Amino acid sequence: MSGILLRLACTAAVAAATVLAPVPAPTTAAPKPDPGPPPATLAYLLTDLQTLYRKAEQATEAYNATEERLKKQRAETGRLNRALAHARLSLHDSRGEVGRLARQQYQTSTDISPYVQLLLARDPQHAIEQGHVIGRIARERADTINRLTGDERKADELARKARKALDAQLTLTDRRKKERDQVVKRLHDVEELLASLSRDQLAALSEFERNGITKAQKKFMASGALSSARPPSAEGDRAVRYVVGQLGKPYEWGAEGPKSYDCSGLTSQAWAEAGAPIPRTSQEQWKRLKRIPLAELRPGDLVVYFPEATHVALYLGDGMVVQAPRPGAKVKVSPIAANPLLGAVRPDPSGKPLRRYAPPKLPRGATDGSDEGYDR
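Every residue gets a number counted from 1 within its own chain, in the order that chain's sequence is written. Two thresholds apply to this predicted model, a pLDDT of at least 70 for residue-level local features and 80 or more for giving and counting side-chain atom pairs, whereas whole-chain, interface and lining totals are computed over all residues. Side-chain numbers here rest on the full set of heavy atoms in the structure, without hydrogens or water.

A.B. asks: Describe the overall build of the protein chain, with residues and values.
C.D. replies: Only DSSP runs of H or I covering at least 4 residues are called helices, and only runs of E covering at least 2 are called strands; the numbering of each starts at the N terminus. Helix and strand content of the protein chain: 8 helices and 6 strands. Counting helices and strands in the order they occur from the N terminus, the protein chain gives α-α-α-α-α-α-α-α-β-β-β-β-β-β. Should any heavy atoms of two residues lie within 4.5 Å, those residues are counted as being in contact. By sequence separation, contacts in the protein chain at least 24 residues apart represent 75% of the contacts at least 6 residues apart. Total accessible area on the protein chain stands at roughly 21,600 Å², and carbon and sulfur atoms take up 55% of it. Each accessible area is a Shrake-Rupley result for a 1.4 Å probe, and residues are judged covered by the shown protein chains and nothing else.

A.B. asks: Could you give an account of helix 7 (residues 263-273), naming the residues involved and the relevant values?
C.D. replies: Exposure classes here rest on a 1.4 Å probe applied to the protein chains alone. A residue is buried below 20% of its type maximum, exposed above 50%, and partly exposed in between. By the criterion of burial, helix 7 is predominantly enclosed, with 9 of the 11 residues buried. Downstream of helix 7 by one or two residues, G275 has phi in the positive range, about 90°.

A.B. asks: I'd like a description of the pattern of salt bridges, backed by residues and values.
C.D. replies: Side-chain pairing between opposite charges can occur once the charged atoms of the two side chains come close. A carboxyl oxygen of Asp or Glu within 4 Å of a side-chain nitrogen of Lys or Arg is what we treat as a salt bridge. For the structure shown, the criterion picks out 10 salt bridges. Between K71 and E256 there is a salt bridge whose closest N-O contact spans 3.4 Å. Here the residue K71 occupies a position in helix 2 (residues 39-107), and E256 occupies one in the loop between helix 6 (234-244) and helix 7, the gap between them amounting to 185 residues. Linking R241 and D237 is a salt bridge whose minimum nitrogen-to-oxygen distance equals 2.9 Å. Of this pair, R241 and D237 both sit in helix 6, 4 residues apart, which is roughly one turn of that helix. In the salt-bridge network here, residues are joined through shared partners; they are E68, K71, E256, D262 and R280.

A.B. asks: Pulling in residues and values, what's your account of the sheet that holds strand 4 (residues 320-323)?
C.D. replies: Strands sit in the order 1-6-2-3-4-5 across an open sheet of 6 strands; the sheet is antiparallel. Of all the strands in the sheet, just strand 1 (290-292) and strand 5 (332-335) have a single pairing partner and so form its edges. Averaged over neighbouring strand pairs, the angle between their axes works out to 40° when direction is ignored. For every element, the axis is a line fit to its C-alpha atoms; helices are fit only across the contacting stretch, and the angle between N-to-C directions ranges from 0 to 180 degrees. Contacts from helix 6 reach strand 3 (311-317) and strand 4 within the one sheet, and its direction differs from that of strand 3 by about 110°. Pairing between strands is defined by DSSP: at least two bridges between the two strands are required.

A.B. asks: Account for the packing of helix 6 against helix 7, with residues named and values stated.
C.D. replies: To describe two helices that pack against each other, one gives the angle between their axes and the distance between the axes. Contact geometry of helix 6 with helix 7 gives a least axis separation of 8 Å together with a crossing angle of 130°. It follows that helix 6 is oblique to helix 7 by the angle criterion. Crossing angle aside, the handedness with which helix 6 passes helix 7 is right-handed. Only L266, Q269, A270, W271 and E273 of helix 7 make contact with helix 6, whose side of the interface consists of E235, G236, A239, Y242 and V243. Three residue categories are used. Nonpolar comprises Ala, Val, Leu, Ile, Met, Phe, Trp, Tyr, Cys and Pro, charged comprises Asp, Glu, Lys and Arg, and polar comprises the others, including Gly. Here the contact of helix 6 with helix 7 is built from residues that sort into 6 nonpolar, 2 polar and 2 charged. Convention used here: angles under 35 degrees read as roughly parallel, angles over 145 as roughly antiparallel, angles from 65 to 115 as roughly perpendicular, and any remaining angle as oblique. Here is the rule for handedness: rotate from the far helix to the near one, and if that takes an anticlockwise turn smaller than a right angle the crossing is left-handed, while a clockwise turn gives right-handed.

A.B. asks: Any details on the nonpolar core? Residues and values, ideally.
C.D. replies: Take the buried residues of types Ala, Val, Leu, Ile, Met, Phe, Trp, Tyr and Cys, join any two whose side-chain atoms come within 4.5 Å, and each joined set is a nonpolar core. Among the nonpolar cores identified, the biggest contains 29 residues, and V243, L266, W271, L302, L314, V322 and V331 are the most heavily contacted of them. Of all the secondary structure elements, the ones that give two or more residues to this core are helix 6, helix 7, strand 2 (302-305), strand 3 and strand 4. Per-element accounting of this core gives the leading share, 5 residues, to helix 6. The contacts of V331, once residues within four sequence positions are left out, are V243, Q246, L247, G248, K249, Y261, L266, V322, Q323, A324 and P325.

A.B. asks: Let's hear about the side chain of T310: which residues, and what values?
C.D. replies: Locating T310 in the fold gives a position in the loop between strand 2 and strand 3. With residues near it in sequence (within four places) discarded, T310 still touches R54, E57, Q58, E61, C263, S282, Q283 and Y305.

A.B. asks: Got a sec to walk through the confidence of the model for the protein chain? Specific residues and values, please.
C.D. replies: For every residue, the predictor reports its confidence as pLDDT, a number between 0 and 100. Here the protein chain shows a mean pLDDT of 76. Residues at 70 or above account for 67%. Scored below 50 in pLDDT, residues 1-30 makes 39 contacts in the model with residues more than four places away or belonging to other chains.

A.B. asks: Which residues make up the pairing of strand 3, and what values go with them?
C.D. replies: Most of strand 3 sits inside the fold, with 7 of its 7 residues counted as buried. When strand 2 meets strand 3, the two strands line up antiparallel, connected through 4 bridges. Each bridged residue has a counterpart across the sheet, and for Y305 the counterpart in strand 3 is H311. By the bridge criterion, 3 bridges tie strand 3 to strand 4 in an arrangement that is antiparallel. The residue bridging Y315 from the neighbouring strand is V321, located in strand 4. A loop of 2 residues connects strand 3 with strand 4, the two strands running antiparallel in sequence, and D318 in this loop sits at a positive phi of about 55°.

A.B. asks: How would you sum up helix 5 (residues 199-222)? Please name residues and give values.
C.D. replies: Over its 24 residues, helix 5 runs 35 Å from end to end, which matches the ideal 34 Å to within 8%, given 1.5 Å per residue. G224 sits one or two residues past helix 5 and shows a positive phi near 80°. One less than the residue count of a helix, multiplied by 1.5 Å, gives the span that helix is expected to have.

A.B. asks: So what about unusual backbone geometry? Which residues, and what values?
C.D. replies: Residues G257 and P258 are joined by a peptide bond in cis, for which omega reads 0°. Looking at the element boundaries, P258 is found in the loop between helix 6 and helix 7. The backbone phi angle of F306 is positive, close to 70°, even though this residue is not glycine. Since its relative accessible area comes to 13%, F306 is described here as buried. Located in the positive-phi region is A309, a residue other than glycine, with phi close to 55°. When its relative accessible area of 3% is taken as the criterion, A309 is described as buried.

Pasting the structure below:
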């Protein structure tokens, strides 16, 4: 058992004892309601559980990055193989042409040089014309030989690149398998912890988390970090309406829709549907897209979380985001401060804000800021 899980098991045991220990019936007074686990115990449980989720998401984003590189490498390997096949066909034709010229030269060869033939010719003008023809044929033969040499070099170079590309593809395939196994292991750690808790403990943990998010959101909104509302661009509006249409669909690591999503799968697909494709992973979105101050957020911008940029959500407006939060949860509307903020990026920095903007209608209860709780 890992160090985290060992500590979690001890913490869970304390919480279980607090929640589930029988209370002796008093002789003179009615029993008091069980207060539940102490806040310190819940804080430890929540911190450790969030740590496990975060490690799972880090592993997921690493897998996603490798998957994207593998897709590109497969395309490059295919392109090189097609080019190599074409080069080999051209080389075959060149070799056939050289063979034909060699046979022709053998059949018409003579020991008398063209210069001596010209001196002995009865019709010098005709011999000169023949000389021009001979020269042209010689040049064509030289061109054919040069073409053959070039085709051989090109085919050799393409064969080398194709082998190298295939090796890179096999390396990425192996890395993807290892990263997939790492994701499965991280998710198993989460499941192991959740399985160790009772339903009462899970309910108390969910309530504790909700209260923490509410407090963090109030503090963030009171800080003035967000300025007045801004309308989205036309592309941002399409991205917003897309994610709103995905509310309620399940989280699944590595998924890009349409039935399920992980965090960056949701945001990348939303902007692809908006007509402005962006990088697949949250780290690449943070690295390559234009960063903007939180005070300049407009609907459609991306909000990135954690120091390693391992989580991302799409800004909805009014301090709320749409996100695919974690395994066992569904795509939902959440307070912007539901996770530790890193910053924000804009996929369409040159997009002009709409003059008129009507936010999409959300399903009932979508903006209450609540979480689904923890499933076992």
